[in-house]
Amino acid sequence: MTNTTTIPTLAGDGSFTAYRAVPAGTPKAAIVVIQEIFGVNAGIRRKCDTLAEAGYLAIAPDLFWRLEPGIELDPDVKPEFDRALELMGQFDQDKGIADIEATIRAARGELGDGAKVGAVGYCLGGRLAFMTAARTDIDASVGYYGVGIDGLLGEKHAVANPVLLHVPEEDHFVDKDAQAAMHAGLDDHPKVTIYDYAGEDHGFATEFGERRSDASAKLADERTAAFFAEHLG
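Note that the coordinates shown come from a computational prediction; the quantities given were computed from them, not determined experimentally.

Asker: How would you summarise the pattern of salt bridges if you had to cite specific residues and measurements?
Answerer: Here the structure, examined in full by the defined rule, presents 17 salt bridges. Between glutamate 110 and arginine 20 there is a salt bridge, with the nearest N and O atoms lying 2.3 Å from each other. Of the two residues, glutamate 110 sits in helix α3 (residues 93-111) while arginine 20 sits in strand β2 (residues 15-21), which places them 90 residues apart along the sequence. A residue is classified by how much of its surface remains accessible, and glutamate 110, at 41% relative accessible area, is partly exposed. Residue glutamate 72 is joined to arginine 45 by a salt bridge in which the shortest nitrogen-to-oxygen separation is 3.0 Å. Here glutamate 72 is found in the loop between β4 (57-61) and α2 (78-90), whereas its partner arginine 45 is found in helix α1 (residues 42-53), with 27 residues between them in sequence.

Asker: Tell me about the packing of α3 against helix α4 (residues 124-135), and name the residues and values.
Answerer: It is at 10 Å that the axes of α3 and α4 come closest, and there the two elements cross at 70°. In this view, α3 runs roughly perpendicular relative to α4, as classed from their interaxial angle. α3 and α4 meet at a crossing whose hand is right-handed. Together, Gln93, Asp94, Ile97, Ile100 and Ile104 of α3 and Arg127, Leu128, Met131, Thr132 and Arg135 of α4 make up the contact between the two elements. For the contact of α3 with α4, the per-class residue count stands at five nonpolar, two polar and three charged.

How each quantity is defined
Residues numbered from 1 in each chain as written. Predicted model: local features only at pLDDT ≥ 70, side-chain atom pairs only at ≥ 80, totals over all residues. Heavy atoms only, no water. Salt bridge = Lys/Arg side-chain N within 4 Å of Asp/Glu carboxyl O. Helix = DSSP H or I, 4+ residues; strand = E, 2+ residues; numbered from the N terminus. Buried < 20%, exposed > 50% of the residue type's maximum accessible area, 1.4 Å probe, protein only. Axes fitted to C-alpha atoms, helices over the stretch in contact; angles between N-to-C directions. Parallel < 35°, antiparallel > 145°, perpendicular 65-115°, else oblique. Left-handed = near helix turned anticlockwise from the far one by under 90°. Contact = heavy atoms within 4.5 Å. Nonpolar A, V, L, I, M, F, W, Y, C, P; charged D, E, K, R; others polar.

Below is the structure:
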């Protein structure tokens, strides 16, 4: 079952919608699905549906609601890609983390005491997944091709729960120096695991469109599934 829910902000200055996919039985945990710069589009909704099929309550908050509520963009259409980059430039990431935290609290409130909540994010969402691990009490976080994580290494001391990062080696948004900095800063972190994907570019695990690289996407998603099974139950 899928629906749209409304979540109030922690600051009490508004509310935002979130796509919600519910498993057939009792959820074994919840997972917050963090959007790319393209909004909660068909690909992000499909990520939620797949997690629900695996037994999780999956919730994807509309993080661009302050800029343009309900926006859905196609990365394979250049004007829409350009619009997504504009939105990214206007996006307040600190407020985005606050909205993710509100979503975490809503999920815990729905599932009850002791429920675990994870997060998985893509592109911008991959960066936000790392920030969520450092700034909230999320139980486990996964980031796919997160941009600028090398600039967030000063927050690594605050990462208390498991983090998994998927890094395509030919990511045209994350150069080799940035990747090397991520490894240098995080390889010895007891809570962080990094997988590299040779020959792959940004967006390789998207559900739809030209960016998808099927074999690597399936491998990364299998690793993510095993990670959540271990850390969320």
